Amino acid sequence: MMFMRRRGRRGENDSGETPDVPVKWGKLFSYLRPYWKRLVIAFLALLVSSALSLVFPAVIQQVVDSVLVAGDAQLLNTITLALLGVFFLRSLTTLVQTYNINYIGEKIVFDLRLELYAHLQELSLGFYSTRRVGELVSRLSNDVTQIRSSLTSNVNTLLQQLLIALGSLVIMLIINWRLTMFTIVLVPVIAVLSTLFGRVLRRSSTEVQDEIAGAITVASEVMQSIREVKSFAREPYELDRFRDAINRALQVALRILRLRSILGPLVTFIGFGAIAGILWFGGREALAGRLTGGELISYLIYALTIAGSLASLISVYTSFQESLGATKRVFEILDMTPGIVDALDAQQFNRVEGQISFDHVSFSYESRQEVLHDINLDIAPGEIVALVGPSGAGKSTIFNLIPRFYDPTIGTVSMDGQDLRQMTQKSIRDQIAIVPQETLLFGGTIYENIRYGRLEASEAEIIDAAKAANAHDFIIDLPDQYQTIVGERGIRLSGGQRQRVAIARALLKDPRILLLDEATSSLDSESEHEVQDALGRLMQGRTTVIIAHRLSTVRIAHRIAVLERGSLIEIGSHEQLMAQGGLYARLYEMQFRDDATNIEAEAAAIETSETKL
């Protein structure tokens, strides 16, 4: 299997757009290289098959000039048997050729899809923030399939029809060179027409692929958010959106259809006009005694063969032009370099203590407005630190810098005193577990989702992790227990159940550093209690950084870091920050007052209902 890692040009990384560049033919045809032996076999079979295709007109000439003129029935029998043998050999060589070409095509699809998928895994988080899933799925499926056609079926047809056309031309020159010169004059006209149409088809094909990708993106987003669609009763609206998207693709496809529909009949007319001209000129040659009747008939058949070959070549050319759009779309991804890469001399963490330091760290996305400014923060091994602050203060960005999803624009993030940029990404992330606010599970079983934390874990270890996460009891109450399918993104489980499965997954990984994004903020009281209890076990002895949306949960933190507009403005314990009377104290009092108001409103509503009853 071929697997080559490709790098883009300088400046073409996954955080920005790649400019439109010409197709790199060497790279495109490099996908054939691993299968050169089968390619040689297919080519030899193609040579034999093409040569045998040229025999039939010569046989017709012999039948007319020798058999019919001489009235030799025995010779007719011999020629017929020989012709059957030729047809059998041609069918056999075509079988060998077709099988090998299609085998190579399927392997190329496998290689290219695997390489593209692997490269997508390498690209950094910044890439996915500017791309939509449907677009990437389209490139992984539709575009790769079009490239397969370019490299196999089209190349095969191109070579075969070229050989047949050239062979027919040589034989026609031998039969009558004057008639052949008359025929060749028509070829440039067809070539010019094909080139002009091909350029238009190439541009239009790229538009079709882009519009199809847009339609797939719309469908993908709706399927992922089907609960919201149904809750707002927006099915007709989403149907209209999808209809508009595929209609745009349809209009471009119809434009291509019109072009191809014009080109085909036009070339056919020119071809048949040429045949009429050949018949006229050849008839005059026969009347002059420079051609026999059999030679004229075979010449016409060879001319028709060339016309058919030219039509096939035009079809291949237009198809090839259309597939170039897909090729450029795939190579646009493959030529991108990850925004986050390991240094050539990167070291590996084995087991860390869990100390984390931010040293004068500033960060901005794509050189835009600064998100973090001059952050200095030291977190001791085993310490629990909560990050609080208004929305957009930079809490999530700090989260993303710790597992090195991004690198700081200025300054250093280190773990156990080691600059993260000098360590391998895998070894960094092996030390970290993340439990997000909205847990997304894979669509398989509960067992598989927990096992994702450590693939080599035994069944007993998986069950122990579930018990520690308060998940075992609800799991064994399910009909299929640990083999229960959770559905797309875990939709068949409640929010609290999903969180406990995620905690079990993190416990199984046994990380030294834990990142929690307020894992209980959207749960009911009962589920929150279960999850909080599980989180308490998970945090024991581990360095923990918590994004706190509800300030009532930060009391478990040893220290609280308060962020505002990307700057760290306060740090200390809950009591210390309340005593300072700064932003934290104001946020806490505001949230406490809002909570008290809500409780009073709920109590008043209940009292009013009881009074009415």
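What you see is a predicted model, and the numbers here were worked out from it, not measured in a lab. (Residues numbered from 1 in each chain as written. Predicted model: local features only at pLDDT ≥ 70, side-chain atom pairs only at ≥ 80, totals over all residues. Heavy atoms only, no water.)

Q: Please set out the overall build of the chain residue by residue, giving values where relevant.
A: Of regular secondary structure, the chain possesses 21 helices and 10 strands. Residues classed as buried in the chain amount to 45% of the 613 residues present. A fraction of 78% describes how many contacts in the chain between residues 6 or more apart in sequence connect residues 24 or more apart. Accessible surface, the chain: about 31400 Å² in total, of which carbon and sulfur atoms supply 59%. (Helix = DSSP H or I, 4+ residues; strand = E, 2+ residues; numbered from the N terminus. Buried < 20%, exposed > 50% of the residue type's maximum accessible area, 1.4 Å probe, protein only. Contact = heavy atoms within 4.5 Å. Areas by Shrake-Rupley, 256 points an atom, 1.4 Å probe, with all protein chains shown as cover.)

Q: Please give an account of the side chain of Ser357 that cites residues and values.
A: Mapped onto the elements, Ser357 comes out in strand β1 (residues 356-364). Only 2.4 Å separates the side chain of Ser357 from the side chain of Gln355, close enough to count as a polar contact. The contact partners of Ser357, leaving out residues within four places of it in the chain, are Leu377, Asp378, Thr412, Val413 and Ser414. (Polar contact = N/O pair within 3.5 Å; in protein donor to acceptor, adjacent residues only side chain to side chain.)

Q: Now, about a negative patch on the surface: what can you tell me, with residues and values included?
A: Taken together, the side chains of Asp359, Glu370, Asp374 and Asp378 define an acidic patch exposed on the protein surface. The biggest single contributor to the negative patch is strand β2 (residues 370-379), with three residues. Here Glu370 lies in strand β2. (Patch = residues over 30% accessible without salt bridge, like charges linked within 9 Å, V, L, I, M, F, W, Y side chains within 5 Å. Salt bridge = Lys/Arg side-chain N within 4 Å of Asp/Glu carboxyl O. Lys, Arg positive; Asp, Glu negative; His and termini not counted. Charge placed at Lys NZ, Arg CZ, Asp CG, Glu CD.)

Q: Account for the sheet that holds strand β6 (residues 432-435), naming residues and giving values.
A: Strand pairing in a sheet relies on backbone hydrogen bonds. The paired strands run either parallel or antiparallel. The sheet built from six strands is open, its strands ordered β6-β7-β8-β3-β9-β10 with mixed pairing. The sheet terminates laterally at β6 and β10 (567-572), the two strands that pair on one side only. Within this sheet the neighbouring strands show an average axis-to-axis angle of 20 degrees, counted without direction. (Pairing = 2+ DSSP bridges. Axes fitted to C-alpha atoms, helices over the stretch in contact; angles between N-to-C directions.)

Q: Can you explain the pattern of salt bridges? Please cite residues and give values.
A: The final tally for this structure, using the stated rule, is nine salt bridges. A salt bridge links Arg421 to Asp419, with the nearest nitrogen and oxygen atoms 3.5 Å apart. The residue Lys426 makes a salt bridge to Asp430 at a minimum N-O spacing of 2.9 Å. On the accessibility criterion, Asp430 (38% relative accessible area) is partly exposed. The structure contains a network of salt bridges with shared partners spanning Asp342, Arg404 and Asp407.

Q: An account of the nonpolar core is needed here, citing residue identities and associated values.
A: Ranked by internal contacts, the top residues of the largest apolar core, which has 45 residues, are Ile446, Ile450, Ile503 and Ile560. Of all the elements, helix α18 (residues 495-509) adds the most residues to this core, at six residues. Setting aside chain neighbours within four positions, we find Ile503 in contact with Val435, Ala469, Val531, Ala534, Leu535 and Leu538. Membership of the second largest hydrophobic core comes to 31 residues, among which are Ile379, Ile402, Met415 and Val545. (Core = buried A, V, L, I, M, F, W, Y, C linked by side-chain atoms within 4.5 Å.)

Q: Quick one: what's the story with unusual backbone geometry, residue by residue and with numbers?
A: Its identity is not glycine, yet His360 carries a phi of approximately 50 degrees, on the positive side. If you trace the backbone, His360 turns up in strand β1. On the accessibility criterion, His360 (43% relative accessible area) is partly exposed. You will see that Asp510, though not glycine, has its phi angle at about 55 degrees, which is positive. Locating Asp510 in the fold gives a position in the loop between α18 and β7 (513-517).

Q: I'd like a rundown of the sheet that holds β2, residues and numbers included.
A: Spatially, β2-β1-β4-β5 is the arrangement adopted by the four strands of the open sheet, whose pairing is antiparallel. Each edge of the open sheet carries a strand with a single partner, namely β2 and β5 (418-419). By the bridge criterion, five bridges tie β1 to strand β4 (residues 410-415) in an arrangement that is antiparallel. Note on β4: the bridge partner recorded for Ser357 is Ser414.

Q: Outline the pairing of β10, supporting the account with residue identities and numerical values.
A: Two elements, strand β9 (residues 559-564) and β10, share five bridges in a ladder whose sense is antiparallel. Each residue of the ladder has a partner; that of Ile560, found in β10, is Gly572. Here β9 folds back onto β10, and the loop between the two strands holds two residues, one of which, Arg565, carries a positive phi near 50 degrees.

Q: Can you break down the packing of helix α16 (residues 459-468) against α18 residue by residue, with the values?
A: Between α16 and α18, the least distance of the axes is 8 Å, while the angle of their chain directions is 125 degrees. Here α16 is positioned oblique relative to α18, judged by the angle of their axes. When the axes of α16 and α18 are compared, the crossing they make is right-handed. Contacts between α16 and α18 involve Glu461, Ile462, Ala465, Ala466 and Ala468 from the first element and Ala504, Leu507 and Leu508 from the second. Here the residues of the contact of α16 with α18 are counted per class, giving seven nonpolar, no polar and one charged. (Parallel < 35°, antiparallel > 145°, perpendicular 65-115°, else oblique. Left-handed = near helix turned anticlockwise from the far one by under 90°. Nonpolar A, V, L, I, M, F, W, Y, C, P; charged D, E, K, R; others polar.)

Q: Tell me about the pairing of β7, and name the residues and values.
A: Counting buried residues along β7, five of its five residues qualify, which places the element largely inside the surrounding structure. Of the two faces of β7, both are covered, the one formed by Ile513, Leu515 and Asp517 as well as the one formed by Leu514 and Leu516. Bridging between β6 and β7 involves four bridges; their strand directions are parallel. In the strand pairing of β7, Val435 is matched with Leu516. Where β7 lies against strand β8 (residues 543-547), five bridges are found, and the strand directions are parallel. When the bridges of β8 are listed, Leu514 appears paired with Thr544.

Q: Describe the packing of helix α2 (residues 36-53) against helix α4 (residues 73-122), listing the residues and the values that go with them.
A: Contact geometry of α2 with α4 gives a least axis separation of 8 Å together with a crossing angle of 150 degrees. Considered as vectors, α2 and α4 are oriented roughly antiparallel to each other. Here α2 runs over α4; the crossing is left-handed. Of the residues in α4, those touching α2 at Arg38, Leu39, Ile41, Ala42, Ala45, Leu46, Val48, Ser49, Leu52 and Ser53 are Val86, Leu89, Arg90, Thr93, Thr94, Val96, Gln97, Tyr99, Asn100, Ile101, Tyr103 and Ile104.

Q: Quick one: what's the story with the side chain of Thr484, residue by residue and with numbers?
A: Mapped onto the elements of the fold, Thr484 is located in the loop between α17 (472-476) and α18. Among the residues examined, Thr484 registers a relative accessible area of 8% and is labelled buried. Sequence-distant contacts of Thr484, that is, excluding residues within four places in its chain, are made with Gly444, Thr445, Ile446 and Leu478.

Q: Account for α16, with residues named and values stated.
A: Regarding α16, the residues found buried are Ile462, Ala465 and Ala466. Viewed end-on, α16 has its buried residues packed into an arc of 100 degrees, placing them on one side of the element. Those residues of α16 that are buried are in contact with α15 (446-451), α17 and α18. Looking one or two places after α16, you find Asn470, whose phi comes out positive at around 60 degrees. (Arc of directions from axis to C-beta.)

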